[in-house]
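Structural overview for review
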Amino acid sequence: MKVLKFGGTSVGSADRMKEVAALVNDGDRKIVVLSAMSGTTNNLVEIANYLYKKNHDGANEIVSQMEKKYYEEVEALYATDKYKELGRELIRLHFDEIKGYTRDVFTVYEEKSILAQGELMSTAMVNYYLQEQGVASALLPALDFMRTNKNNEPDMAYIRENLNPLLEEQPEVQIFITQGYICRNAFGEVDNLQRGGSDYSASLIGAAVGADEIQIWTDIDGMHNNDPRYVEGTRSIAELSFDEAAELAYFGAKILHPTSVLPAKLADIPVRLLNTLDPSAPGTTISGKEIKGDIKAIAAKDGITAIRIKSGRMLLAYGFMRKVFEIFESYKTPIDMITTSEVGVSVTIDNDRHIDDIVDDLKKFGTVEVDRDQVIICVVGDLVRENKGYANRIFNALRDIPVRMISYGGSDHNISMLVSADYKKLALRTLSEKLF
Ligand code: ADP
Ligand code: ASP
Ligand code: MG
């Protein structure tokens, strides 16, 4: 069985939904994971932000605009009166729920429920469309099987135990449609897998059912060798290893959710990145195959904060690093990059929620400097084993750009550099020019 995930653009209008339906309706049994229609989750986030600020007019204005759009899409999607009415009923139901939250107290619990509405609507719309076409499709409610544990990590055993029976109980169903992104947390409350999390849903589902393949359908023909939003003339990469794809996703290649490669890697299921706008393009295949060769791709991760701790006592003090890391751990703040010298250590974080407390605690060990608005530029490929002077080529390309940190040797296929956000575009472009 295959798992196919379609992102927001791929289900962004009635016409796109019809194209998705045609793509998935090939006679094979499968699970289809859908995102919300493009723009919807952003709108829902805005609504929640207004409600936190008790600005009900602001929230209601966006709700009305969205509602109007959804009724129009429903009219365009279905051909028969019966399904048009079912579609309208569906939209009414979900918007009644959203409006229900615009009245009373607003907490993170209500926020999560609002954010879930986009995927609940898109999946129900496509499911009705397939049924109108006479296809044996059914909804597979993600809230019945997708779950995170107390550490906010997917509860793989729970997912497996609850998802597989749903498939077995319905042998007549050809196409299962389920929601990406949404889940329940350890307390059973509605929650989500973070923005862009539908890729993660697909990968978790693929691993849970032991799929033959996980397909991520989006609006571009696979993983490109640089970020197409900033660099012209980027090219699609035919093959990547799981590790290379994971590095690129983690370090900013938006086409994949940062953690979505791991479940597929652990279950050894190939992931294909495909283009809904050009379905016959080969895209990118990610698998356990180690692909020898050159530099594959460049990515950039925004919103990085660098922290330098300088200490005269570092040299002979074993245990210094442990104490530094324990402070980050106590604030549940992961570290991305690390560099050390005789007199100090620099680390980067992308979550600066607890930065003030962290800096306060670090001051016990030395002087602390913080640089905000930094970017990690990450070069991925078969870099270390075959000594082809890649480091030289990379630093030569960046010779006019101030580099704050360098990380090399942590794995065989990654060199990361920290630069100020002002230099991000220039760094991406010159690297593309000089390396490809
Ligand atoms: P979806 O809504 O289908 O999940 P996303 O917007 O999350 O789609 O991801 C696809 C987008 O990722 C592309 O349109 C492209 O702009 C962006 N992107 C960033 N880096 C890369 C890259 N290296 N290769 C391909 N796409 C990338
Ligand atoms: N709809 C969610 C978002 O926009 C999840 C996703 O599209 O992957 O972040
Ligand atoms: Mg995405």
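In short, a report on the structure. (Residues numbered from 1 in each chain as written. Chains lettered and ligands numbered in written order. Predicted model: local features only at pLDDT ≥ 70, side-chain atom pairs only at ≥ 80, totals over all residues. Heavy atoms only, no water.)

**Some remarks on the site of ligand 2**
As a reminder of what qualifies: Whether a residue is near a molecule or strand depends on its heavy atoms: it is near if one of them lies within 4 Å of it. Any pair of nitrogen or oxygen atoms within 3.5 Å is treated as a polar contact; in protein, a donor-acceptor pairing is required on top of that, and neighbouring residues in sequence qualify only through side-chain atoms on both sides. Only the protein chains shown count as cover for residues, with accessible areas throughout obtained via the Shrake-Rupley method and a probe of 1.4 Å. Under the scheme applied, nonpolar residues are Ala, Val, Leu, Ile, Met, Phe, Trp, Tyr, Cys and Pro; charged residues are Asp, Glu, Lys and Arg; polar residues are all the others, including Gly.
Ligand 2 sits among Ser35, Thr41, Glu119, Tyr181, Arg195, Gly196, Gly197 and Ser198. With respect to ligand 2, the side chain of Glu119 contributes an N or O atom lying 2.7 Å from a nitrogen atom. Between ligand 2 and Arg195 there is a distance of 2.7 Å, counted from an oxygen atom to a side-chain nitrogen or oxygen. When the free accessible area of ligand 2 is taken as 260 Å², the share hidden by the protein chains comes to 86%. Split into classes, the residues belonging to the shell around ligand 2 amount to one nonpolar, five polar and two charged.

**Digging into the pattern of salt bridges**
Applicable threshold: Within this document, salt bridges are pairs made up of a side-chain nitrogen of Lys or Arg and a carboxyl oxygen of Asp or Glu, the two lying within 4 Å of each other. Only runs of H or I of at least four residues qualify as helices and only runs of E of at least two qualify as strands under DSSP, and these elements are numbered from the N terminus.
Enumeration according to the criterion identifies 24 salt bridges in this entry. A salt bridge links Glu75 to Arg88; the shortest N-O distance between them is 2.8 Å. Note that Glu75 is positioned in helix 3 (residues 56-77) and Arg88 in helix 4 (residues 81-101), a separation of 13 residues in sequence. Here Arg322 makes a salt bridge to Glu326, at a shortest N to O gap of 3.3 Å. Of the two residues, Arg322 and Glu326 both sit in helix 11 (residues 320-330), four residues apart, roughly one turn of that helix.

**Observations regarding the pairing of strand 14 (residues 367-381)**
Consecutive side chains of a regular strand alternate in pointing toward one face of the sheet and then the other. We apply this condition: Strands qualify as paired when DSSP identifies two bridges or more between them.
Pairing of strand 11 (residues 295-310) with strand 14 involves twelve bridges; the strand directions are antiparallel. If you follow Ile295 over to strand 14, its bridge partner there is Gly381. Pairing between strand 14 and strand 16 (residues 414-420): seven bridges, direction antiparallel. Paired with Ile376 across the two strands is Leu418, which belongs to strand 16.

**Digging into the packing of helix 1 (residues 14-24) against helix 3**
Stated precisely, the cut-off is as follows: For helices, the axis comes from a line fit to the C-alpha atoms of the stretch in contact; other axes are also lines fit to C-alpha atoms, and the angle between any two N-to-C directions lies between 0 and 180 degrees. The cut-offs work like this: below 35 degrees is roughly parallel, past 145 is roughly antiparallel, 65 to 115 is roughly perpendicular, and the gaps in between are oblique. Crossing handedness follows the turn of the near helix against the far one: under a right angle anticlockwise gives a left-handed crossing, and clockwise gives a right-handed one. Here a residue-residue contact requires only that any non-hydrogen atoms of the pair lie within 4.5 Å.
Where helix 1 contacts helix 3, the axes come no closer than 8 Å and their chain directions differ by 45 degrees. Between helix 1 and helix 3, the angle falls in the class oblique. The two elements helix 1 and helix 3 cross, and the hand of that crossing is right-handed. Each of Ala14, Met17 and Lys18 in helix 1 lies in contact with helix 3, whose residues at this interface are Glu73, Ala76 and Leu77. Residues belonging to the contact of helix 1 with helix 3 are distributed by class as follows: four nonpolar, no polar and two charged.

**Here's the deal with the site of ligand 1**
Of all residues adjacent to ligand 1, which total 16 residues, the nearest are Lys5, Thr218, Asp219, His224 and Lys254. Between ligand 1 and His224 there is a distance of 2.8 Å, counted from a nitrogen atom to a backbone nitrogen or oxygen. In this structure, Ile255 approaches ligand 1 through a main-chain N or O atom, which is 3.4 Å from an oxygen atom. Summarising the interface, the protein chains cover 87% of the accessible area of ligand 1, which totals 570 Å² for the free molecule.

**A few points about the sheet that holds strand 16**
Read from one edge of the open sheet, six strands run 12-13-11-14-16-15, paired in antiparallel fashion. Sheet topology places strand 12 (338-341) and strand 15 (405-408) at the edges, where each strand pairs with a single neighbour. Strand after strand, the sheet turns through a mean of 25 degrees between neighbouring axes, direction not considered.

**Let's talk about the sheet that holds strand 1 (residues 2-6)**
Here we have eight strands laid out as an open sheet, ordered 3-4-2-1-7-9-10-8, and mixed in their pairing. With one partner strand each, in any of the chains shown, strand 3 (137-140) and strand 8 (239-241) form the two edges of the open sheet. Across the sheet, the axes of successive neighbouring strands diverge by a mean angle of 20 degrees, strand direction being ignored. Pairing of strand 7 (residues 213-218) with strand 9 (residues 271-275), which is carried by five bridges, proceeds in the parallel orientation. For Ile214, the partnering residue across the bridge sits in strand 9 and is Val271.

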